[in-house]
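Residue strings, one per chain:
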Amino acid sequence: MFDYEDDAFEIDSNQGTGDTFADVLSRRLNRRGLIKAAATVGAIGAGFAVTGPKLVSATPVAEAAGRVGLLGFAPISLDAGPDPVVAQGYRVLPFLRWGDPLTADAPDFDSTKQSAAAQARQVGYNCDWIGFLPLPAGSKSSDHGLLVVNHEYTNPELMFADYMAPNPAYAEAGGETEEPEYLVAPTQVHVDIELEAHGISVVEIRRGADNVWEVVRDSPYNRRITGTTVVELSGPAAGADLLRTAEDPDGLQVIGTLNNCAGGITPWGTIVSAEENFHQYFGMFDALDPGTPGYAIHERYGMPEGSSDRRWEEFYERFNVTKSPNEAFRFGWPVEVDPYDPSSTPRKLTALGRNRHEAHTSVVAPEGQVVIYSGDDQRFEYAYKFVTAGTYDPDDRTANAALLDDGTLYVARFDDDGTGEWLPLTFGEGPLTSENGWNSQADVLINTRGAADLLGATKMDRPEDFETNPVTGKVYLVLTNNNQRLLDDIDRANPRPQNLHGHVIEITEAGGDHASTTFAWDIFLLAGDPAQGSTWFAGFPTDAVSPFSAPDNITFDLDGNMWISTDGMPSNLPGNDGLFVVPTEGAERGHVQQFFSSVPGAEVSGPEFSPDNTALFVSIQHPGEGGSFAEPISNWPDGGDMPPRPTVVLIERDGNPITAPEA
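Residues numbered from 1 in each chain as written. Predicted model: local features only at pLDDT ≥ 70, side-chain atom pairs only at ≥ 80, totals over all residues. Heavy atoms only, no water.

## Some remarks on the overall build of the protein
Convention followed: Strands are runs of DSSP state E lasting at least 2 residues, helices are runs of H or I lasting at least 4, and numbering of each runs from the N terminus. Each residue is placed in one exposure class: buried if its accessible area under a 1.4 Å probe, protein chains only, is under 20% of its type's maximum, exposed if it is over 50%, and partly exposed if it falls in between. The criterion used for residue contact is that any of the two residues' heavy atoms lie within 4.5 Å. We get accessible surface area from the Shrake-Rupley algorithm with a probe of 1.4 Å; when it comes to residues, only the shown protein chains can shield them.
Each helix and strand in the protein was counted, giving eight helices and 36 strands. Counting all 663 residues of the protein, 61% fall into the buried class. Counted over contacts in the protein with a minimum sequence separation of 6, partners at least 24 positions apart contribute 65%. On the protein, roughly 22800 Å² of surface is accessible, and the fraction owed to carbon and sulfur atoms is 49%.

Next comes the structure, spelled out in structure tokens:
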């Protein structure tokens, strides 16, 4: 019924203006002779016959299931059933549900007695990224730690029984009309609960001698950061004119963090949470005077015209772009939180730029700089990394506190010959000068997209996760899909027009140095159903892989195998979204195997292992999306009359590592 994800908020005229990735990729793969594709125009734009020296004819989807590979489990088949399914020998348990109490004084969840005060002490909605931080801090404990969970957005049509009201026009026409049967009818109570359901949860968890995990409900670490929490602005853009409002004339404090999607853990044990589709919370852009400072930036970032779908602007003027034109500039930043210090104030890190952020994986370069990779999750947007000016001090945690406020932000350009360059987004360099309308580094960071446009960065197919392999040091960029890529954008060697399934790129930084400004790149995976062609699995035979679509988040196990969660697979394949595993090196490199299947309406996100890989935490986000409170398509995980509840699940195997042969 509602779609609060990226696809609902595209403004095509404002896409990036660099070379399309299709341009580069088609030339790159054609030159290497890996894939030859013949496109034929059909109902969805194209069909493909894929040939090549390493690809073999595909077999039906079901034949991939049941074969035990390097990872020690028999992959499951695509499943569209009402309940989660996991590979044989493993169990999946609901662990942390929306509304579960976090503090000793928090009430138990009751869908009929919700309040903002209760939600502020309960687990938030729509769990996404998950981070496991061992306790005590600095240890490698796998039995005791802090689970940090992002809460991306809310589905009020699933949360509240009274959110939808009958449409009089529909009733008067007796249903013989294009008018919807129900209309959104938000109230102040709904909006206040939604604000508290956004943000981040910090939860202490412990595994007992009986191997059972539990939440430590009275923990002093347990904490909610929400849409009403005070958050500091730090870095070069803090205090800039466009970040100042009537409520915050200094431009140094923001009320809340919103749309927290992916994230990452720094070497010193803080987390960096990504504010992604922040624009959806704002309305009335069409009434803003075009002469207002920052108008063109709002336009470039796709600010919705008219009323927002949520209509928060009817209750809080800060979400009305006409009445508070600068408030939206205070969102779309990475947010650093110290889970080990519950009294600390979260910080929005302006040095890392402003866009629809994803990822924020951290890695320490050979000379000690900290490097953070991130994506801008919209069609035809860009891939970024940030390199600190200072160096990481492993012996002094407090010395690292300001590392992420000073450094260089880069945007990626992928060249035809399999090389690439990180282009610095630095005021005074290249076209980013006063002569071209840029007056400070703050200007560059507030309008990161516009700066990347001028540098000629490569437009990508929805950059989502961006992670480093802890075993090989290689970097993997996940591109979810792009159904707006046209036939005119490609040639014979292009993976496909209307990239419905997405793909993964493998990057090797020059000299193995993550701070390098040049890199080599290659295609690791072209997702999809091998039986339909136009897929690539790092050269692995296609008759032995599990089909998958819409890769979203990735993580790595102790052996360097990639675990891929999906978001949007049911649009293209006959199954719920799931979790897939693929070796990145060795004889089974590219052997994609399905490990887990979710529930109707849900995406799978944020997979996170305990340090010893005996526990795997996974987010089941927006179960039942596409239905409503009154007419649900899922009541997972509680069943009965309960609404669907976004839930972090725990996957385990009697204390044995997830991917090792059973003891």
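## Remarks on helix H5 (residues 188-197)
With seven of 10 residues buried, H5 is to be regarded as a mostly interior element. Here H5 has its buried residues at His-190, Val-191, Ile-193, Glu-194, Leu-195, Glu-196 and Ala-197. Buried-residue contacts for H5 involve helix H2 (116-119), strand S6 (144-151), helix H3 (156-159), strand S9 (199-207) and strand S11 (223-225). Two residues or fewer past H5, Gly-199 is found with a positive phi of approximately 105°.

## So, the pairing of strand S31 (residues 562-566)
As a reminder of what qualifies: Should DSSP find at least two bridges between two strands, the strands are taken to pair.
Within S31, five of the five residues are buried, leaving the element largely enclosed by the surrounding structure. Here S31 shows a buried face lined by Met-562, Ile-564 and Thr-566 and a second buried face lined by Trp-563 and Ser-565. One ladder, built from five bridges, connects strand S30 (residues 551-556) with S31; its direction is antiparallel. Paired with Pro-551 across the bridge in S31 is Thr-566. Joining the antiparallel neighbours S30 and S31 is a turn of five residues, in which Gly-560 adopts a positive phi near 85°. Two strands pair when backbone bridges link them, and S31 and strand S32 (residues 578-582) are joined in this way by four bridges, in the antiparallel orientation. Bridge pairing in S32 places Met-562 opposite Val-582.

## Section: the nonpolar core
As a reminder, the rule being used: Put simply, a nonpolar core is a bunch of buried Ala, Val, Leu, Ile, Met, Phe, Trp, Tyr and Cys residues held in one set by side-chain atoms that sit within 4.5 Å of each other.
In this structure, Leu-243, Phe-282, Leu-404, Val-411, Leu-425 and Ile-446 are the most contacted members of the largest nonpolar core, which totals 52 residues. Among the secondary structure elements, those contributing two or more residues to this core are H5, helix H6 (295-300), strand S19 (370-376), strand S21 (383-388), strand S22 (407-414), helix H7 (441-446) and helix H8 (448-455). No other element matches H7, which puts four residues into this core. Membership of the second largest hydrophobic core comes to 24 residues, among which are Val-387, Met-460, Ala-515 and Trp-536.

## A short note on unusual backbone geometry
Note that the residue after Leu-135, namely Pro-136, is joined by a cis bond; omega there is 0°. Of note, Pro-136 is situated in the loop between strand S5 (127-134) and S6. Of note, the amide linkage connecting Trp-636 to Pro-637 takes the cis form, showing an omega dihedral of 5°. Summarising the element assignment, Pro-637 is placed in the loop between strand S35 (615-621) and strand S36 (647-652). The phi angle at Met-284 is positive, at roughly 75°, despite the residue not being glycine. Structurally, Met-284 is set in the loop between strand S15 (271-275) and H6.

## Overview of H8
With seven of eight residues buried, H8 is to be regarded as a mostly interior element. For H8, the set of buried residues is Thr-448, Arg-449, Gly-450, Ala-451, Ala-452, Asp-453 and Leu-455. At the C-terminal side of H8, Gly-456 shows a positive phi close to 75°.

## Quick word on the side chain of Thr-257
Note the following rule: Under this definition, polar contacts are N or O atom pairs within 3.5 Å; protein pairs additionally need one hydrogen-donor-capable and one acceptor-capable atom, and for neighbouring residues in sequence, both atoms have to be side-chain atoms.
Along the polypeptide, Thr-257 turns up in the loop between strand S13 (253-255) and strand S14 (260-265). A distance of 2.7 Å separates the side chain of Thr-257 from the side chain of Glu-275, its partner in a polar contact. Beyond its immediate stretch of four places on either side in the chain, Thr-257 contacts His-198, Gly-199, Ile-225, Thr-226, Gly-227, Glu-275, Phe-331, Val-335 and Lys-348.

## Regarding the sheet that holds strand S16 (residues 334-337)
Using the following cut-off: Between N-to-C directions, angles cover 0 to 180 degrees, with each direction set by a line fitted to C-alpha atoms, over the stretch in contact for helices.
Here we have six strands laid out as an open sheet, ordered S13-S12-S17-S16-S15-S14, and mixed in their pairing. The open sheet has two free edges, formed respectively by S13 and S14, since each of these has just one partner strand. Within this sheet the neighbouring strands show an average axis-to-axis angle of 35°, counted without direction. Taken together, the three bridges between strand S12 (residues 230-234) and S13 define a ladder with antiparallel strand orientation. Residue pairing across strands places Val-231 opposite Val-254, the latter belonging to S13.

## Details of the environment of Tyr-90
Inspection of the secondary structure assignment puts Tyr-90 in the loop between strand S3 (85-86) and strand S4 (91-97). Expressed as a C-alpha distance, the spacing of Tyr-90 and Ile-651, which sit 561 residues apart in the sequence, is 6.8 Å. In contact with Tyr-90, not counting residues within four places along its chain, are Phe-73, Phe-595, Ile-651, Glu-652, Arg-653 and Ile-658. One polar contact links the side chain of Tyr-90 to the main-chain carbonyl oxygen of Ile-658, over a distance of 2.6 Å.

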